[in-house]
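Architecture and fold: a report
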Amino acid sequence: MPRNIQKAYLQGTRSADGKPGKKYWQNHGKYDMSISVNPQNKLVNGTETILYTNHSPDTLKSVTIRFVNNVHKPEAPRSVLADPDFLTTGLNISSFTVNGAKLEVDSKKWGTTGDVKLKAPLLPGQAATFAISWSYPLSKQSGREGQIDSTTFFVAYAYPRISVYDDYNGWDLIPHNGRNEFYNDFNDYTLAVKAPKNYVVWATGDLTNPDEVLQPAFAERLKKSYLSEEVSHIATFDEMKKGIVTQQKEWNTWKFMATNIVDVTFSLSNHYAWDGGSVLVDKKTGRRTSVQAAYGENAKDFPHAVDWTKQALFWFSNNLPGVPYPFSKMTAVQGFADMEYPMMVNDTPTPDLPFSQFVMNHEIAHTYFPFYMGINETRYAYMDEGWATTLEYFIGQQQVGKEKADSLYKTFRVKRWISDPSTEQDQPVISLSTQVSGVGYGNNAYVKPSLSYLALKDMLGDEAFLKALHLYMDRWNGKHPIPWDFFNSINDATGMDLNWYWNNWFFTNNYIDLAIEKVSIKGSKYTLDVKNIGGFAVPFNALITYADGTKQSLHQTAAVWKNNQKQTSVQISATGKIATIVLDGGIFMDAKPANNNWSN
Ligand SMILES: [Zn+2]
């Protein structure tokens, strides 16, 4: 455990039993924002007030402002080479006040974070009101945000926000490099988006003024879709072209509201079609979630987006994680990101419909991790990507069958890691995500933690696994868990000391390679000695084929590695003469399958 994390446990903001500590705190912002997007010059202009409350025991003499889109500045450090169409001049702050007093802020000198020294320190328990006016250009190249086409924009990370100040690290100062992901406080937002007439705006949060921005017939369709099981067109391509969808004021102001959420994002277009429907996400309370999609004429997959999203929200709510979808809305927007945002996803269209649905499932699964759980993705990407990868695999089993889901998981997730012996691939998962690059980042974030969760489920059994997962999720929903809070919570929920298991999967350079060491025979008793060369505590099947052709499979869970992580033995009471034995890990693909066979 790193020293700063040890300190958090010692000081009681976190607790060894996995609960948030008795002294746990997190800071909070109440954001009231008005943002306009000008399609002519592609400029975003905004004003906001942030009522920021310091719940920490510390006196804050400065605040760190974060503006992720400064990654577009030519001088910004980035994880990859930038296309000229990616580059912009970044953020320009024209006014910055704290409690009404003006501060001189030179945002031109900022990277993706900037420090602002306060005139009066913000004491523990105190709140201050920040008022900021800003502008920035939308980049021509669209990734996680930017111009999707000349009149369709995905406007994410669009406002200067107060960076997270937390109990184990203080101010989050890690620069955004285009690859790493995010870490935000749970805030409350009111968002007003000003867009020219004939532009429809989709955003995180509830649209509170549909009648002010839509023509009556379209406002009616939208409201009807909130209660309807059916997927319907709220606005067709044709209606968008005719300019009959929105109110005809020069500019419309679309108002949205979302509370206890880590970010708000929006998109606008003057030609995308708009579909809607809804799905029952909580059977106990009868709560429904609005499901919407926005897409262009070329997309083959997006006409299915509302239906697919409904399926995903229903499945995740009722199966795994089995927690009702926590928000009132989900909108899928056609773009280029393959990225999640609270209540929104932005996906690249593909003509391969099953693959499109697979990606959509993944992005929607992120609702739980990082958004429901407030994960620090920047440092611990595996705390959300590992779960999204696991959830995508299970919903896939239901949608395309286990065999196909297994094959997709193997080819898309496991193979590239396990078949590449380079050092980068086998860095410990616990490594800070900011300090592993290239292939090491991806496989540390996605496949390795996912396999650890799958092996855990296999070892604990479905019921105990779900109970433990729910305990962790209940405790840390709306808060900021770190890896040790997860480990401790699962230990606590199962009543087991699984530290050997966490150590094995998260703190080592292990990979997967089992081998049959030897087979000893005493009459009908066979002893199969298995060597764990790669080291990961994986489950496996001993597949036995008898001389007469009958087959038998003996499943071993990861528990077999508890006492000796290098070697285990499987006792077989043979029902005849055994001809061959094969070690089969299924999706736990072996780096060297050649040493997994024995024949008599
Ligand atoms: Zn993901």
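Residues numbered from 1 in each chain as written. Predicted model: local features only at pLDDT ≥ 70, side-chain atom pairs only at ≥ 80, totals over all residues. Heavy atoms only, no water.

Moving on to the overall build of the protein chain. From N to C terminus, the protein chain includes 14 helices and 30 strands. Whereas a compact globule of 600 residues would reach a radius of gyration of roughly 25 Å, the protein chain reaches 26 Å, a difference of no more than 12%. By its C-alpha atoms, the protein chain is 90 × 55 × 50 Å across when sized along the principal axes. Per-residue burial for the protein chain yields a buried fraction of 58% across its 600 residues. Counting contacts in the protein chain only where the partners sit at least 6 residues apart, residues at least 24 apart contribute 72% of the total. With the model as given, the accessible surface of the protein chain reaches about 23,800 Å², and the carbon-plus-sulfur share is 53%. Treating the 58 positive side-chain charges of the protein chain as one cloud and the 60 negative ones as another, the clouds have centres 3 Å apart. (Helix = DSSP H or I, 4+ residues; strand = E, 2+ residues; numbered from the N terminus. Rg over C-alpha atoms; globule rule 2.2 N^0.38 Å. Buried < 20%, exposed > 50% of the residue type's maximum accessible area, 1.4 Å probe, protein only. Contact = heavy atoms within 4.5 Å. Areas by Shrake-Rupley, 256 points an atom, 1.4 Å probe, with all protein chains shown as cover. Lys, Arg positive; Asp, Glu negative; His and termini not counted. Charge placed at Lys NZ, Arg CZ, Asp CG, Glu CD.)

The residue after Leu 320, namely Pro 321, is reached through a cis peptide bond having omega 5°. The omega torsion across Phe 369 and Pro 370 is 25°, close enough to zero to call that bond cis. Along the chain, Pro 370 turns up in helix 7 (residues 367-372). We note that Asn 260 has phi near 50°; this positive angle belongs to a residue other than glycine. Residue position: Asn 260 is located in strand 17 (residues 251-261). Note on Asn 260: relative accessible area 46%, which makes it partly exposed.

Moving on, we come to the pairing of strand 23 (residues 344-347). The side chains of a regular strand alternate between the sheet's two faces. Burial along strand 23 is two-sided: the face carrying Met 344 and Asn 346 and the face carrying Val 345 and Asp 347 are both buried. Pairing geometry for strand 21 (residues 329-334) and strand 23, over four bridges, is parallel. Residue pairing in the sheet places Gln 334 in a bridge with Asp 347 of strand 23. Taken together, the three bridges between strand 22 (residues 339-341) and strand 23 define a ladder with antiparallel strand orientation. Within strand 23, the residue paired with Met 339 across the bridge is Asn 346. With antiparallel pairing between neighbouring strands as the criterion, strand 22 and strand 23 make up a hairpin whose turn holds two residues, including Met 343 at a positive phi of roughly 65°. (Pairing = 2+ DSSP bridges.)

Closest axis-to-axis distance for the helix 13 (residues 483-494)/helix 14 (residues 499-506) pair is 10 Å, and the angle between their directions is 145°. Seen along the crossing, helix 13 lies across helix 14 with a hand that is right-handed. Only Asn 499, Trp 502 and Phe 506 of helix 14 make contact with helix 13, whose side of the interface consists of Phe 486, Phe 487, Ile 490 and Asn 491. Tallied by class, the residues present in the contact of helix 13 with helix 14 amount to five nonpolar, two polar and no charged. (Axes fitted to C-alpha atoms, helices over the stretch in contact; angles between N-to-C directions. Left-handed = near helix turned anticlockwise from the far one by under 90°. Nonpolar A, V, L, I, M, F, W, Y, C, P; charged D, E, K, R; others polar.)

Here we come to the environment of Ser 278. In this structure, Ser 278 sits in strand 19 (residues 273-282). For the pair Ser 278 and Asp 17, spaced 261 residues apart in the sequence, the C-alpha separation amounts to 39 Å. Excluding its chain neighbours within four sequence positions, the residues that come into contact with Ser 278 are Ser 225, Tyr 226, Leu 227, Ser 228, Glu 229, Arg 288, Thr 289, Ser 290, Val 291 and Lys 310.

With that settled, the discussion passes to the coordination of the zinc ion. Bound to the zinc ion on the protein side are His 362 (NE2), His 366 (NE2) and Glu 385 (OE), at distances that span 1.9 to 2.1 Å. Summarised as a motif, the one-chain spacing of the donors to the zinc ion is H-x3-H-x18-E. With His 362 in helix 6 (residues 353-365) and Glu 385 in helix 8 (residues 382-400), the pair connects residues that are 23 residues apart, well separated along the chain. For the residue pair His 362 and Glu 385, the accessibility class agrees, reading buried in each case. (Donors = N, O, S within 2.8 Å, 3.2 Å for Na, K, Ca; no water.)

Let us look at the sheet that holds strand 6 (residues 113-122). The strand order across the open sheet built from three strands is 6-3-10, with neighbouring strands paired in antiparallel fashion. Here the strands that pair on one side only, and so sit at the sheet edges, are strand 6 and strand 10 (161-162). Where strand 3 (residues 60-66) meets strand 10, two bridges bridge the pair, whose relative direction is antiparallel. If you follow Ile 65 over to strand 10, its bridge partner there is Ile 162.

This part covers helix 11 (residues 447-460). Spanning 14 residues, helix 11 covers 20 Å between terminal C-alpha atoms, matching the ideal 20 Å at 1.5 Å per step. Counting buried positions along helix 11 gives 13 out of 14 residues, so the element sits mostly inside the fold. (Expected span 1.5 Å × (residues − 1).)

Strand order in the open sheet formed by three strands is 24-25-28, with antiparallel pairing between adjacent strands. For this open sheet the edge positions go to strand 24 (514-522) and strand 28 (567-573), each flanked by a neighbour on one side alone. Here the strands of the sheet are splayed against their neighbours by 20° on average, with no regard to which way each runs. Alignment of strand 24 against strand 25 (residues 525-532), held across eight bridges, turns out to be antiparallel. Residue pairing for strand 25: Ile 521 is matched across the bridge by Tyr 526.

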